[in-house]
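Structural overview for review
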Amino acid sequence: MTITIHDLRKLPGSYMPGSAACPGCGATLAFRLVSRALGPNTVYIVPACCFSVIQAPYPKSAISAPLYNIAFAAAAATASGVHRAYKAVNKDVNVVVWAGDGGTVDIGIQALSGAAERKEDLIYVCYDNEAYMNTGIQRSGATPLKAWTKTTPTGKREMPKDMPMILAAHRVPYVATASVGYPFDLVNKFEKAKNIRGFKYIHILSPCPPGWDFPVEKTAEVGKLAVDTYFWPLYEIEGGKLKITVKPRKRPLKEFIRLQGRFRTITDEEIDELEKIVMEKWQFLEHLEKSERVF
Amino acid sequence: MGKEGKWEIITGNHAAAIAAKLSRVKVVPAYPITPQTTIVEYIASFIDSGQMDAEYIRVESEHSAMAAAIGASAAGVRTFTATASQGLLLMSEVLHWAAGSRLPIGMAVVNRAVGPPWNIHVDHQDTMSQRDTGWIQIYVSSNQEVLDTILMMYKVAENPDVLLPFMVCLDGFVLSHTYMPVNIPPQEEVDVFLPPYNPTHWKLDPTSPITFGNLALPDEYQEMRWSMDLAMRRALDIIEDVTEEFFERFGRYHGGAVWKYKLQESDYAVVTMGTMASEAEVAVDELREEGIDVGLLKIRSFRPFPHRDISETLIDKRGVIVIDRSIAFSSGGPIGTEIRSSLYNLADRPPVVNYVTGLGGRDITHQDIIAMVKDAIGRITSRRIRRPYYWFKLKPEFERIEISEEVRL
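Because the structure is predicted, anything quoted here is derived from the model rather than measured.

**Overview of the overall build of chain B**
- A count of helices and strands for chain B gives 13 helices and 16 strands.
- Relative to the 2.2 N^0.38 estimate, which gives 22 Å for 409 residues, the radius of gyration of chain B is 21 Å and therefore close to what a compact globule would have.
- Considering only C-alpha atoms, chain B reaches an extent of 70 × 55 × 40 Å along its principal axes.
- Residues classed as buried in chain B amount to 53% of the 409 residues present.

**Concerning the overall build of chain A**
- Secondary structure summary: chain A contains 12 helices and 8 strands in total.
- Taking the principal axes of the C-alpha coordinates as reference, chain A spans close to 60 × 50 × 40 Å.
- Within chain A, buried positions represent 54% of all 295 residues.
- In chain A, the proportion of contacts linking residues at least 24 apart, taken out of those at least 6 apart, comes to 70%.

**What about the interface of chain A and chain B?**
- The partner chain B presents 38 residues to the 40 residues of chain A that form the contact.
- If you tally residues by element for the side of chain A that touches chain B, the top one is helix 4 (residues 75-88) of chain A, at 11 residues.
- Considered class by class, the residues forming the side of chain A that touches chain B number 25 nonpolar, 12 polar and 3 charged.
- One ladder, built from 2 bridges, connects strand 2 (residues 67-69) of chain A with strand 9 (residues 211-212) of chain B; its direction is parallel. Looking at strand 9 of chain B, one finds that Tyr-68 of chain A is bridged to Phe-212 of chain B.

**Looking at the sheet that holds strand 7 (residues 235-238) of chain A**
- The mixed open sheet is built from 9 strands, whose spatial order is 8(A)-7(A)-5(A)-6(A)-4(A)-3(A)-1(A)-2(A)-9(B). Each end of this open sheet is capped by a strand with a single partner; those strands are strand 8 (241-244) of chain A together with strand 9 of chain B.
- Summarising the sheet, strand 7 of chain A and strand 8 of chain A pair through 4 bridges and their orientation is antiparallel. Looking across to strand 8 of chain A, one finds that Ile-237 of chain A is bridged to Leu-242 of chain A.
- In the packing of helix 4 of chain A onto the sheet, the strands contacted are strand 1 (42-46), strand 3 (94-99) and strand 4 (123-128) of chain A, and the crossing angle to strand 3 of chain A comes to about 170 degrees.

**Things to note about helix 2 (residues 37-48) of chain B**
Residues and elements named next belong to chain B.
- The first and last C-alpha atoms of helix 2 sit 17 Å apart over 12 residues, in line with the 16 Å expected at 1.5 Å per residue.
- Inspection of helix 2 places Thr-38, Ile-39, Val-40, Tyr-42 and Ile-43 among the buried residues, and these make up the whole buried set.
- Lining the buried residues of helix 2 we find helix 1 (12-22), strand 2 (27-30), strand 3 (55-58), strand 4 (80-83) and strand 5 (106-111).

**Overview of the nonpolar core**
- One finds Val-125 of chain A together with Val-373 of chain B to be the most contacted residues of the largest nonpolar core, which totals 227 residues.
- With 9 residues, the single largest contributor to this core is helix 6 (residues 143-157) of chain B.

**A closer look at the packing of helix 4 of chain A against helix 6 (residues 109-117) of chain A**
- As a packed pair, helix 4 of chain A and helix 6 of chain A sit with axes 7 Å apart at the nearest point and diverge in direction by 35 degrees. Listed contacts from helix 6 of chain A to Ala-75, Ala-76, Ala-77, Ala-79 and Ser-80 of chain A of helix 4 of chain A are Ala-111, Leu-112, Gly-114 and Ala-115 of chain A.

**Some points on the sheet that holds strand 13 (residues 301-303) of chain B**
All names here are of chain B.
- The 5 strands lie next to each other as 4-5-7-6-13, forming an open sheet whose pairing is mixed. Strands at the two margins of the open sheet, each flanked by one partner only, are strand 4 and strand 13. For this sheet, the mean inter-axis angle between neighbouring strands, taken without regard to orientation, is 25 degrees.
- Across the sheet, helix 6 is in contact with strand 5, strand 6 (136-139) and strand 7 (166-171); its angle to strand 7 comes to roughly 165 degrees.

**As for the environment of Ala-235 of chain B**
Residue and element names in this part refer to chain B.
- Within the secondary structure, Ala-235 sits in helix 8 (residues 218-250).
- Along the chain, Ala-235 and Trp-202 lie 33 residues apart, while their C-alpha atoms are 19 Å from each other.
- With residues up to four places along the chain from it excluded, the contact list for Ala-235 reads Ile-136, Val-156, Val-162, Leu-164 and Pro-304.

**A short note on the packing of helix 1 of chain B against helix 2 of chain B**
All names here are of chain B.
- With their axes 8 Å apart at the nearest point, helix 1 and helix 2 run at an angle of 40 degrees to one another. The orientation of helix 1 with respect to helix 2, classified from their angle, is oblique. When you trace helix 1 past helix 2, the crossing you get is right-handed. Of the residues in helix 2, those in contact with Asn-13, His-14, Ala-16, Ala-17, Ala-20 and Lys-21 of helix 1 are Thr-38, Ile-39, Tyr-42, Ile-43 and Phe-46.
- Classifying every residue of the contact of helix 1 with helix 2 by side-chain character gives 7 nonpolar, 3 polar and 1 charged.

**Notes on helix 4 (residues 85-100) of chain B**
Residues and elements named next belong to chain B.
- The end-to-end C-alpha distance of helix 4 is 22 Å, a good match for the 22 Å that 16 residues give at a rise of 1.5 Å each.
- At Ser-92, helix 4 shows its strongest bend, of approximately 60 degrees.
- For helix 4, every residue scored as buried is listed here: Ser-85, Gly-87, Leu-88, Met-91, Val-94, Leu-95, Trp-97, Ala-98 and Ala-99.
- Taken together, the buried residues of helix 4 touch helix 3 (62-74), strand 4, strand 5, helix 5 (125-128) and helix 8.
- Of the residues trailing helix 4, Arg-102 is marked for its positive phi of about 60 degrees.

**Some points on the environment of Asp-213 of chain A**
Residue and element names in this part refer to chain A.
- Summarising the element assignment, Asp-213 is placed in helix 9 (residues 209-213).
- For Asp-213, a count of 15 C-beta atoms within 10 Å translates into the label partly exposed.
- Here Asp-213 is in contact with Gln-260, Gly-261 and Arg-262, once residues within four sequence places are set aside.

**Comments concerning the pairing of strand 5 of chain B**
- For strand 5 of chain B, the tally of buried residues reaches 6 of 6 residues, placing the bulk of the element in the interior.
- Going residue by residue along strand 5 of chain B, you find Gly-106, Ala-108 and Val-110 of chain B tucked away on one face and Met-107, Val-109 and Asn-111 of chain B tucked away on the opposite face as well.

**Examining the confidence of the model for chain B**
- With 99% of its residues at a pLDDT of 70 or more, chain B shows a mean pLDDT of 97.
- Across the assembled chains, the prediction reports ipTM 0.97 with pTM 0.97.

**Considerations on the pairing of strand 2 of chain B**
Residue and element names in this part refer to chain B.
- Where burial is concerned, the two faces of strand 2 agree: the one with Val-27 and Pro-29 and the one with Val-28 and Ala-30 are both buried.
- Relative to strand 3, strand 2 is paired through 4 bridges, and the arrangement is parallel. Residue pairing across strands places Val-28 opposite Tyr-56, the latter belonging to strand 3.

**With respect to the domain arrangement of chain B**
Residue and element names in this part refer to chain B.
- Annotation of chain B at the domain level lists domain 1 (6-250) and domain 2 (259-408).
- Computed from C-alpha coordinates alone, the two centres of domain 1 and domain 2 are separated by 29 Å.
- Contact residues are listed per partner, giving 26 residues for domain 1 and 20 residues for domain 2.
- Top element by residues in the side of domain 1 that touches domain 2 is helix 8. It accounts for 5 residues.

**Some details on unusual backbone geometry**
- With an omega of 5 degrees, the peptide bond running from Tyr-58 of chain A to Pro-59 of chain A counts as cis.
- Structurally, the position occupied by Pro-59 of chain A is in the loop between helix 3 (50-54) and strand 2.
- In this structure, Pro-117 of chain B follows Pro-116 of chain B across a cis peptide bond, with omega equal to -5 degrees.
- Its location among the elements puts Pro-117 of chain B in the loop between strand 5 and helix 5.
- Here the phi dihedral of Lys-146 of chain A falls at roughly 80 degrees; this positive angle occurs in a residue that is not glycine.
- By the C-beta count within 10 Å, which is 20 here, Lys-146 of chain A ends up buried.
- Positive phi, close to 55 degrees, is recorded for Lys-250 of chain A, a residue that is not glycine.
- By the secondary structure assignment, Lys-250 of chain A is in the loop between strand 8 and helix 11 (253-257).
- With 8 C-beta atoms counted inside 10 Å, the residue Lys-250 of chain A sits in the exposed group.

The rules we used
- Residues numbered from 1 in each chain as written.
- Chains lettered and ligands numbered in written order.
- Predicted model: local features only at pLDDT ≥ 70, side-chain atom pairs only at ≥ 80, totals over all residues.
- Helix = DSSP H or I, 4+ residues; strand = E, 2+ residues; numbered from the N terminus.
- Rg over C-alpha atoms; globule rule 2.2 N^0.38 Å.
- Buried ≥ 20, exposed ≤ 12 C-beta atoms within 10 Å, placed from the backbone.
- Contact = placed C-beta atoms within 7 Å.
- Nonpolar A, V, L, I, M, F, W, Y, C, P; charged D, E, K, R; others polar.
- Pairing = 2+ DSSP bridges.
- Axes fitted to C-alpha atoms, helices over the stretch in contact; angles between N-to-C directions.
- Expected span 1.5 Å × (residues − 1).
- Core = buried A, V, L, I, M, F, W, Y, C linked by C-beta atoms within 7 Å.
- Parallel < 35°, antiparallel > 145°, perpendicular 65-115°, else oblique.
- Left-handed = near helix turned anticlockwise from the far one by under 90°.
- Bend = angle between axes of the 7 residues up to and from the residue.
- pLDDT = per-residue confidence, 0-100.
- Domains from an automatic or database assignment.

This is how it looks when you write it as structure tokens:
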């Protein structure tokens, strides 16, 4: 079943007014969509990340589903414990990790890899704002090449980790990328994931107005352009088979880059270089799509 | 008293695993470390052979073992794990998280020295370094006590006035790998003593959603820590009640927060923990035969620390000899520090001589304890307690350096 805008409007989400998010927050947009797709029979495990603050301080909460905050490196292991406890008492609940990129690709990667290898029945979500935004914009293993952060004042010199492919190499039943710029692609991936048994990994690009330095009303546009410029391809790997889920609208990378202050020092030649890398990745994905299995 | 148990000759680790089975824990996250390993091996075999109905999570680190235990307990089921030494240290961050979340997780810690250098033998540095994580810490000195204490402590920890996690600390190899006769109580008797865990304070439940652990600002935080401290203090009475109840049902008593041996009317008291306390019992008997009037106070519960019981018991002594198996560098033995704290505000407090010894598995026999007691009595009677603590059983060349340091003080 494919979810349409009419269905989505009727679905109850777990996000209530009064959160402490920044205006234009991509992660919040993502959570609103995801919680509608997953429904109220869902438990969220949240390591240190922007959402530690976004959910609002005690004794209030902007989240109407059960949510447990845990130490930075521990989310996937904690979620494993929650899932196994429910299994032990025959309860069927969606157990979801809701983690930022630091908690996923850096400090949380060990617990994540362990849970994926054990095939725990979880949905692990990385909402990726491409740096440590909650601590005030420091580079992470997910920060793109050339991007400015406070710990890469002249631009990052390394490529980010390809986390979805790292998870796909664990041969988990479902891996997908998503963007808040393509909400129906996003919710349909969660709709699919919740009906698959085993470990599911969904990596959502979540544009961050203060961290990426773009106007707060442009979050959806930046999220769309990331896909349409091939910067953030949307695909899923189900049972080892890769499928590109959104065909980009073939826009030049420059349009995505020049919208954001974090790339302000990048030259046109460097954009060309970056575009080359991005297109190589895209061609590689097209090649993988033709293969019987990726892993 | 109910049905009789069954006698078996087993190791301390086997006793810990059987206790987890008898407690009907539902989730066991496990990661191996010497000398804890056989605990998680026994539990794996119990589960795989169908003797135990529980989920076993083969995690990839101790940090994840404790994180998974937190998740399971937060979802509302009884949870058990075990570790030692470096494993406990790796858990440190999430130990705080378990206690702060008020989750009555049970854990066996097989005490082992910490590196470097690598050393797999007993001392208490690992658990002492985690004493302020909000976990109840009970130190035991026999395999029977390992088994019985785990059963008792679930009942204490799950009490609505407590709701804190607990570690039962057993000395590496001295208990973990040593065979002793242990009476294994019948499951039906344990079931009556320890009913299923049913959290009423909070749990992760989609039919009753709550957010747990979000930001608490300075206006809220301090009272949350106070409530943990209050729970820890209240646990002292509950430990006494539960050990009484256990005695009535099973006929065994290992002491409550402390175990007292020939302490009444004695001039001097030896204070120690773990298996050194068993050696100290023998030492007390031999010293009394020599006419030296000494008794033993074994600390079972280091957290909560039984200050009142200790000060009331030790007030009339001529001197107190405290033997620690860990070192707070430049400060002394952690038990020594606590005992002084118990006694300091008393008007006629006895002098305290504190020894640090037995590190990294250095064997401490009853003869060593006799030597420490005699050395201490000499210092007490001649008023020569010049240092807050003394190292004991250093090699002679190091002892010489230590003595010259003492003169310089």
